[in-house]
Amino acid sequence: MSNVRNRLREIVGASTNWRDHQQALADRLSLSNQLAGSQDELPVRRMKDSYIEAHLPLGTDPTLREKYLNYLKGVRFGRILEDLDSLAVLICYSHTHNKTLQRSPLSIVTALVDKIGMKPSSPGTTSGCTLWLISPVCDFTGHVTWVGKTSIEAKMHMSQYHGGAYTPVLDATFVMVARDPENKRAAFVNPLKPEGIEEEKLFHQGEINKTRRIELTTASLLKVAPTAEERKIVHSLFLNTLDSKTVSFRSRVLPPNSVWMEDAKVKGLEICHPQERNIFNRIFGGFLMRKAYELGWANACVYGGCRPNLVAVDDILFRKPVEIGSLLLLSSQVCYTEGKYIQVRVHTEVLDPLTRQHNTTNVFHFTFVTDKDVPNIVPQSYGESMLYLDGKRHFNQTLESQ
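These lines cover the structure that appears in this document, whether it is placed above or below. No experiment lies behind these values; they were computed from the predicted model shown. (Residues numbered from 1 in each chain as written. Predicted model: local features only at pLDDT ≥ 70, side-chain atom pairs only at ≥ 80, totals over all residues. Heavy atoms only, no water.)

Description of the sheet that holds strand β3 (residues 137-147)
The strand order β1-β3-β4-β5-β2-β8-β11-β10-β9-β7 describes an open sheet built from 10 strands, whose pairing is antiparallel. Either end of the sheet is taken by a strand with one partner, and the two such strands are β1 (52-56) and β7 (265-271). Taking each pair of neighbouring strands and ignoring which way they run, the sheet shows an average axis angle of 25°. For strand β8 (residues 309-318) and strand β11 (residues 358-369), the ladder comprises seven bridges, and the chain directions are antiparallel. Note that in β11 the partner of V313 across the bridge is F366. Helix α5 (residues 196-218) contacts β2 (107-118), β3, β4 (151-162) and β5 (165-179) of the sheet and is inclined by roughly 75° relative to β3. (Pairing = 2+ DSSP bridges. Helix = DSSP H or I, 4+ residues; strand = E, 2+ residues; numbered from the N terminus. Axes fitted to C-alpha atoms, helices over the stretch in contact; angles between N-to-C directions. Contact = heavy atoms within 4.5 Å.)

Structure (structure tokens):
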């Protein structure tokens, strides 16, 4: 996938050298007059115009294999997240490519990861592909499936070549947005014209996805009260923790085979060095996803007492860019459990050491499954109960889409 990132640098005109990188970004300011005044000024694109294939020759490239190897000699899924982010950006640049310009005037940035769903390892299983073994080749394919005026949806698929055949591993849906060369305001993107029934279905699904995201945002527990059914769940959890020996709302007892939510946290800190910058001199979104996933996986591993398998990545929202030199605080929380499943939420924020202000940058949602039933997670405070309900919502959404 390194050639994908090199291609991105060619399109944008940014160098890997620090000083050249700064100069290249300054030069991009002159590209503002190349932006379209409206979407109607841009040529219509087809889905096949943005189709891209990328290969990971893990079986033949020792250096590459070392980068992707985990301690169990399997593929590090965090690295796959980085690759998906790079590929999504390149797909969107392919859709908006202008042959008359040597460089793209657009800044394509990741808005959110709508969904990454793992394929079952075999018929009838729900654990997903575990990426245990290094396969000789990992293949990525993807293309644009829907566009708005300034936003683009890209779908990608990954498969592994093993035992003489390709096996599907995952499907991913990213939503990207186009910005001006300084990444300060929105910019128009080429309209998309579906061709054939299958492409019409993909485009229509993109419209459904957009509507669903709006509905989920509107119904967020940060904005509106829980539903009547959810309020019953919270009250039942509360009653289940009351001490029957006392007549007090303050006396709480942990039920059998349960863990207080407060005791199911794992935290981390990253100092954001320039080596992890993207072509716009901000911290690469794929790097943030990798760090969040690995922290979330570690939390699920500790909580379940065994190695968990990823089922899905859901609703990653990129709220703010992360600047070089930032102190990035990561906090993972087991927020919902059901049987063998563990729902983990990872919250990332930037700490300004001078003002001591905390600003949320990302929220990640991961669904894991283990080979045995795990303890029930139990909230104590109202805030934890809202985390519990939010985790349950994401978990149910994941199961419905499997």
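Comments concerning helix α8 (residues 382-401)
Each turn of an α-helix holds 3.6 residues, which means side chains three or four residues apart point in the same direction. The first and last C-alpha atoms of α8 sit 29 Å apart over 20 residues, in line with the 28 Å expected at 1.5 Å per residue. Residues of α8 that are buried: E384, S385, M386, Y388, L389, G391, H394, F395, Q397 and T398. (Expected span 1.5 Å × (residues − 1). Buried < 20%, exposed > 50% of the residue type's maximum accessible area, 1.4 Å probe, protein only.)

Quick look at the pattern of salt bridges
Applying the stated rule across the entire model yields 13 salt bridges. Residues R393 and E230 are paired through a salt bridge, measuring 2.7 Å at the closest nitrogen-oxygen approach. Of this pair, R393 sits in helix α8 while E230 sits in helix α6 (residues 228-240); the two residues are 163 residues apart in sequence, bridging distant segments of the chain. Judged by relative accessible area, which is 10%, E230 ranks as buried. (Salt bridge = Lys/Arg side-chain N within 4 Å of Asp/Glu carboxyl O.)

Considerations on unusual backbone geometry
Non-glycine residue D315 carries a positive phi angle of around 55°. Residue placement: D315 occurs in strand β8. Look at D315 and you get partly exposed, because its relative accessible area is 30%. The phi dihedral of R356 is positive, around 65°, even though this residue is not glycine. Along the chain, R356 turns up in the loop between β10 (341-351) and β11.

Thoughts on the environment of M118
Within the secondary structure, M118 is located in strand β2. A C-alpha to C-alpha distance of 7.2 Å links M118 and L310, two positions 192 residues apart in sequence.

Notes on helix α7 (residues 285-304)
If you check α7, its first and last C-alpha atoms are 28 Å apart, about what 20 residues at 1.5 Å a residue would give, namely 28 Å. In terms of residue burial, α7 counts as a mostly covered element, since 15 of its 20 residues are buried. Positive phi appears at G305, one or two residues downstream of α7, with a value of about 75°.

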